[in-house]
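Each chain, letter by letter, is given below.
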Amino acid sequence: MTDDPRPMLHARGVSKFFPGAVALDDVELKLYPGEVHALLGENGAGKSTLIKCLTGVYRRDGGVITLDGADIAPHSTLDSQKLGIGTVYQEVNLLPNLTVAENLFLGRQPTRLGLLARRRMVTEAREVLADYGLDIDPAEPLTSYSVAVQQVVAIARAVEMSGKVLILDEPTASLDRDEVQLLFSVIRTLKARGLAVVFITHFLDQVFDISDRATILRNGRVVGTRLLDGVSQTDIVTLMLGRQLEARVHDRAPRTLGDLLIEVDGLAKSGMLDPASLRIHKGEVVGLAGLLGSGRTETANLIFGAVPADQGRILREGHEIRVTNPREAVAQGFALCPEDRKTDGIVGDLSVRDNIVLALQARQGWWRPIPRAKVTEIAEHYVKALDIRLASLDMPIRLLSGGNQQKALLARWLATAPDFLILDEPTRGIDVGAHAEIIALIESLREQGMALLVASSELEELVAYSTRVIVLRDRRQVSELTGDAISTSNIIHAIADEPIQEAS
Amino acid sequence: MIRSHHLPLMVTLATFVLAYALCGMQYPSMFSTRVVANLLTDNAFLGIVAVGMTFVILSGGIDLSVGSVIAFSGVFLAVILRDTAIHPLAAFVLVLCITTAFGASMGALIHYLEMPPFIVTLAGMFLARGAAYVLSTDSVPIDHAFYDVLKDIYWKAPSGGRFRLIGGLMIVTFVVAGLVLHRTRFGQNVYALGGGAATARLMGVPLAGTTIGIYAVSGGLAGLAGIVFSLYTSAGYSLATVGVELDAIAAVVIGGTLLSGGYGFVAGTFFGILIMGLIQTYIVFDGSLSSWWTKIVIGGLLFAFILLQKGLTWATTTRRKTATGFATQS
């Protein structure tokens, strides 16, 4: 199919700079009419930046984009829609207070004598939606239909308005299996109509199900474009994560396990995580590996009670405990350093000192303030112990660098003397030096007998500190690696759902 | 089929019918055309300003300036008719232009400076009231032949009720507003804005034009209400219509429009006005009740309607959640 010399959309040499960072570097993307093209990459690889450049949310800093042979430079989403590029996002971007027909035709309603022809609008909406295999009443409010139907309505709106390129940004993230099939049948129809479809998702099975080709991005560069017929999932995962499949044997001294501390039994939440079970001993680091959206963060949040689970139970030293919210988790000696420290972690305008004692104070109760001198003592202790670099304890924490913020956040939870520490992406967005320090810290906490659960997308990092690695895929636990079997290549094979190779 | 977002409108309608029936059973003369005609005449200015408020609240905003704008319009008309030889019709046009521009500029501030409507229109409230004081601190009577002509236009019902011009003007305003909201692109954009500004922008709704248009409508209708009020009282007084913006908001909410925007009908506001007028009429008929009971009953009704709205929002969101499951935010 790629014999057709003229692509529908051709982006060449596209670059985008942000202050202090190159988000896209000389990126090329070719979309042919009648193909479904997957855009793959881990978080921060540049997928969304590329999409935003195509749809006019960002202005590109370099490169050429041609659509149907003509150069384009969209300056707003409306502009790109008019040019022919329609986008559908994960969160349905339609208005919940309007009807299906009103949503479909907003901004281009049929009129008669200057007034909207509402009846004609409903009739036309019914006809349009029939093309997409939907037999629904367009005069009903949008919210009376399921998310999958809403998603198809959004696609119909995008295609009817634009009609050349359709970008689907994680459209399946909140759909169940049957709903995904409904969506795919719509995508196949559009493919037959000659649209170029860009499909972004973290579910590799879906990529292989529906897509013809894939472009893989890493660190703002294109690392490969592949026809999906001839490649395996392993090839794609390797490209995405950028690790060579060399077998690395680690010098792994036999570690003596402490007592069983936490046992998680069948913890699940529908649409988020299939039942997960795991056991964590004192003095053990359990790694959670998997692609984005595979259930890493979800597992951490469920155990901590940040998101209440539907079913399953948690046992601590053999006794069942109740963890339905973070407060109860903290009372049980749990601690969680969340993935997104800017929104879920630090309180930017509070001083470093106050940020460090926040969790301890919260556990004590606000009516029993910790004396100022004690606060300073605690803060100073951790600043020294974790080597947090700052000018003064009173400076607002947002002024610290990413690595130091992360360490301060860690200090906050260490101050509560937890037995069980959950770290979600502890090294995201911090520099190499701080990286190594965090890893060393994890090691030393483990040696002190703490139980740790670490979710990370950095495979080498997981290999370095984990005593066991649990691999997740499509919100399910698919594999558990222990001892010498822990290697980046085995993790990648498990993620790609292929047989585990014996460590050599 | 009655949809969930029609329910508040139905409740308002049922409340009005029930209340009117109860009042009528106690005082059968409340069914007379005289009472109905007075209900329309007495509440004409409030009804017109509440129409503007419906636009604003549907879009998720609020306009606190309207009471002051009514007072300003009244004083402006009185002063200009006293001191100049301008024909009242020309003065009306002038007032409408000034108040529409005033509303539009508040809308522009709200949109371009991304300021909360509450603050911007609060400033507008002080500005308009201050401007009214500057024109005159006394009550200025309006004594013009044309005013008498306008006041003499009425349709006398067979049983004696006089349906005056201003009541008719209110009804025309409601009908036109209903058409604009439901049958024009601008009206759809008002609803879209109330459904979610960020989504509306992604869907290509011109946010700037819509926001400015909405506050211009509200300002212009406040000007029209000022004209009606001056016809009603034959005077302009800078201390008049204090707190009318709150009455208008109350009427809109009792009329079933969601305060957070997006859901509601201008017809609901009409019945909201009638309910409030009915309470006042009942108190007049009773004669022994303090007029403050109006406020107490309106307060109670507001609470009831806010609870109803909350219940409905809650019911729809929980229903949606079961359909959605949990959307992971990775």
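Residues numbered from 1 in each chain as written. Chains lettered and ligands numbered in written order. Predicted model: local features only at pLDDT ≥ 70, side-chain atom pairs only at ≥ 80, totals over all residues. Heavy atoms only, no water.

Caption draft 1: Up close: the overall build of chain A. Per the secondary structure count, chain A includes 17 helices and 22 strands. Projecting the C-alpha coordinates of chain A onto the three principal axes gives extents of approximately 75 × 55 × 45 Å. For chain A, the proportion of its 504 residues judged to be buried stands at 57%. Taking the contacts inside chain A whose residues are at least 6 apart along the sequence as the reference set, 66% of them involve residues at least 24 apart. Of the roughly 20700 Å² that chain A leaves accessible, carbon and sulfur atoms contribute 48%. Taking the average location of the 55 positive side-chain charges in chain A and that of its 67 negative ones, the two points are 5 Å from each other. (Helix = DSSP H or I, 4+ residues; strand = E, 2+ residues; numbered from the N terminus. Buried < 20%, exposed > 50% of the residue type's maximum accessible area, 1.4 Å probe, protein only. Contact = heavy atoms within 4.5 Å. Areas by Shrake-Rupley, 256 points an atom, 1.4 Å probe, with all protein chains shown as cover. Lys, Arg positive; Asp, Glu negative; His and termini not counted. Charge placed at Lys NZ, Arg CZ, Asp CG, Glu CD.)

Caption draft 2: Molecular detail of the pattern of salt bridges. Residue and element names in this part refer to chain A. All chains considered together, the criterion is met by 20 salt bridges over all chains. Arg296 is the salt-bridge partner of Glu425, the closest N and O atoms lying 2.9 Å from each other. Of this pair, Glu425 sits in the loop between β19 (420-424) and α15 (432-447) while Arg296 sits in helix α9 (residues 296-304); the two residues are 129 residues apart in sequence, bridging distant segments of the chain. Just as Glu425 is buried, Arg296 falls in that class too. Glu328 is the salt-bridge partner of Arg322, the closest N and O atoms lying 3.5 Å from each other. Through salt bridges with shared partners, one network takes in Arg6, Asp68 and Lys164. (Salt bridge = Lys/Arg side-chain N within 4 Å of Asp/Glu carboxyl O.)

Caption draft 3: Just the interface of chain B and chain A, in detail. Each side of the interface is counted separately: chain B has 31 residues, and chain A has 41 residues. Carbon and sulfur atoms make up 55% of the surface buried where chain B meets chain A, a total of about 3200 Å² over both sides. There are 0 salt bridges connecting chain B and chain A. Between chain B and chain A we count 9 residue pairs in polar contact (both at pLDDT 80 or more) in total. Counting only elements with at least two residues in the side of chain B that touches chain A, the list comes to α8 (165-183), α9 (185-195), α10 (197-202) and α14 (292-324) of chain B. In terms of residues, the side of chain B that touches chain A owes the most to one element, α9 of chain B, which gives 7 residues. Classifying every residue of the side of chain B that touches chain A gives 12 nonpolar, 14 polar and 5 charged. (Buried area = accessible area lost by both parts, 1.4 Å probe. Polar contact = N/O pair within 3.5 Å; in protein donor to acceptor, adjacent residues only side chain to side chain. Nonpolar A, V, L, I, M, F, W, Y, C, P; charged D, E, K, R; others polar.)

Caption draft 4: Focus on α8 of chain B. Residue and element names in this part refer to chain B. With 19 residues, α8 should reach 27 Å at 1.5 Å per residue; the first-to-last C-alpha distance of 26 Å fits that figure. When α8 is considered as a whole, its buried residues turn out to be Ile166, Gly167, Met170, Thr173, Phe174, Ala177, Gly178 and Leu181. Along the axis of α8, the buried positions cluster into a sector of 130°, meaning they face one direction only. The inward-facing, buried residues of α8 abut α2 (33-42), α3 (44-58), β3 (162-164), α9, α11 (207-233) and α13 (266-286). (Expected span 1.5 Å × (residues − 1). Arc of directions from axis to C-beta.)

Caption draft 5: Quick look at the packing of helix α1 (residues 7-26) of chain B against α13 of chain B. Residue and element names in this part refer to chain B. Two numbers describe how α1 lies on α13: the axes approach to 9 Å, and their chain directions differ by 25°. Relative to α13, α1 is oriented roughly parallel. Relative to α13, the crossing made by α1 is left-handed. Residues Leu9, Thr12, Leu13, Thr15, Phe16, Ala19, Tyr20, Cys23 and Gln26 of α1 form the contact with α13, whose own contacting residues are Ala267, Gly268, Phe271, Gly272, Leu274, Ile275, Leu278 and Tyr282. By residue class, the composition of the contact of α1 with α13 is 12 nonpolar, 5 polar and no charged. (Axes fitted to C-alpha atoms, helices over the stretch in contact; angles between N-to-C directions. Parallel < 35°, antiparallel > 145°, perpendicular 65-115°, else oblique. Left-handed = near helix turned anticlockwise from the far one by under 90°.)

Caption draft 6: View of the pairing of strand β12 (residues 221-227) of chain A. All names here are of chain A. Looking at chain direction, strand β11 (residues 213-218) and β12 are connected through 6 bridges and run antiparallel. Residue pairing in the sheet places Arg218 in a bridge with Arg221 of β12. Hairpin connection of β11 to β12: 2 residues between the antiparallel strands, including Asn219 at a positive phi of 50°. (Pairing = 2+ DSSP bridges.)

Caption draft 7: Seen up close, the domain arrangement of chain A. Residue and element names in this part refer to chain A. Here the domain parsing of chain A yields domain 1 (9-97 + 141-241) and domain 2 (260-495). When each unit is reduced to the centre of its C-alpha atoms, the spacing between domain 1 and domain 2 is 33 Å. Across the boundary between the two partners, domain 1 contributes 14 residues, which contact 13 residues of domain 2. For the pairing of domain 1 and domain 2, the buried interface totals around 1200 Å² over both sides, and the portion due to carbon and sulfur atoms is 56%. Between domain 1 and domain 2 we count 1 salt bridge in total. Linking Arg473 and Asp205 is a salt bridge whose minimum nitrogen-to-oxygen distance equals 2.7 Å. (Domains from an automatic or database assignment.)

Caption draft 8: Main features of the environment of Gly290 of chain A. All names here are of chain A. Among the secondary structure elements, Gly290 is positioned in the loop between β15 (285-289) and α9. With a relative accessible area of 5%, Gly290 lands in the buried category. Considering only alpha carbons, one finds Gly290 and Ala494, 204 residues apart in sequence, at a separation of 8.7 Å. For Gly290, the residues in contact, after removing those within four places along its chain, are Arg296, Leu472 and Ile495.

Caption draft 9: The arrangement of the pairing of β15 of chain A in detail. Residues and elements named next belong to chain A. In terms of burial, β15 is a largely internal element, 5 of the 5 residues being buried. The alternating pattern of β15 places Val285, Gly287 and Ala289 on one face and Val286 and Leu288 on the opposite face, and all of these are buried. Pairing of β15 with strand β20 (residues 451-455) involves 4 bridges; the strand directions are parallel. Residue Leu288 lies in a different strand from β20, and its bridge partner there is Ala455. When β15 meets strand β21 (residues 468-473), the two strands line up parallel, connected through 4 bridges. From the neighbouring strand, Gly287 faces β21, where its bridge partner is Val469.

Caption draft 10: α9 of chain A, seen in detail. Residues and elements named next belong to chain A. Among the 9 residues of α9, 9 are classified as buried, and the element is accordingly described as predominantly covered. Where α9 is concerned, the buried positions are Arg296, Thr297, Glu298, Thr299, Ala300, Asn301, Leu302, Ile303 and Phe304. Looking one or two residues beyond α9, the residue adopting positive phi is Gly305, at roughly 80°.

Caption draft 11: Geometry of the environment of Thr87 of chain A. All names here are of chain A. Here Thr87 shows up in strand β6 (residues 85-88). Under the relative-accessibility criterion, Thr87 is labelled buried at 18%. It is 34 Å that separates the C-alpha atoms of Thr87 and Cys337, two residues lying 250 residues apart in sequence. When near neighbours in sequence (up to four residues on either side) are disregarded, Thr87 contacts Thr55, Ala158 and Ile167.

Caption draft 12: Structural context of the confidence of the model for chain A. Residue and element names in this part refer to chain A. Confidence in the prediction for chain A averages 81 pLDDT; 91% of positions are at 70 or higher. Here helix α11 (residues 341-345) stands out as the least confident element of chain A, with mean pLDDT 67; helix α3 (residues 100-105) is the most confident, with 92. Low pLDDT, under 50, characterises residues 244-254; the predicted model gives this stretch 17 contacts beyond four residues in sequence or across chains. (pLDDT = per-residue confidence, 0-100.)

Caption draft 13: Region of the structure containing the sheet that holds strand β18 (residues 334-337) of chain A. Residue and element names in this part refer to chain A. Strand order in this open sheet of 6 strands is β18-β19-β20-β15-β21-β22, and the pairing throughout is mixed. Since the sheet does not close on itself, it has two edges, and those belong to β18 and β22 (476-482), each with one partner. Between one strand and the next, the sheet's axes are offset by a mean angle of 15°, whatever the strand orientation. Pairing analysis gives 4 bridges linking β18 to β19, with the strands arranged parallel. If you follow Leu336 over to β19, its bridge partner there is Ile422. In the packing of helix α17 (residues 488-495) onto the sheet, contacts are made with β15, β21 and β22, and the angle to β21 comes to roughly 30°.

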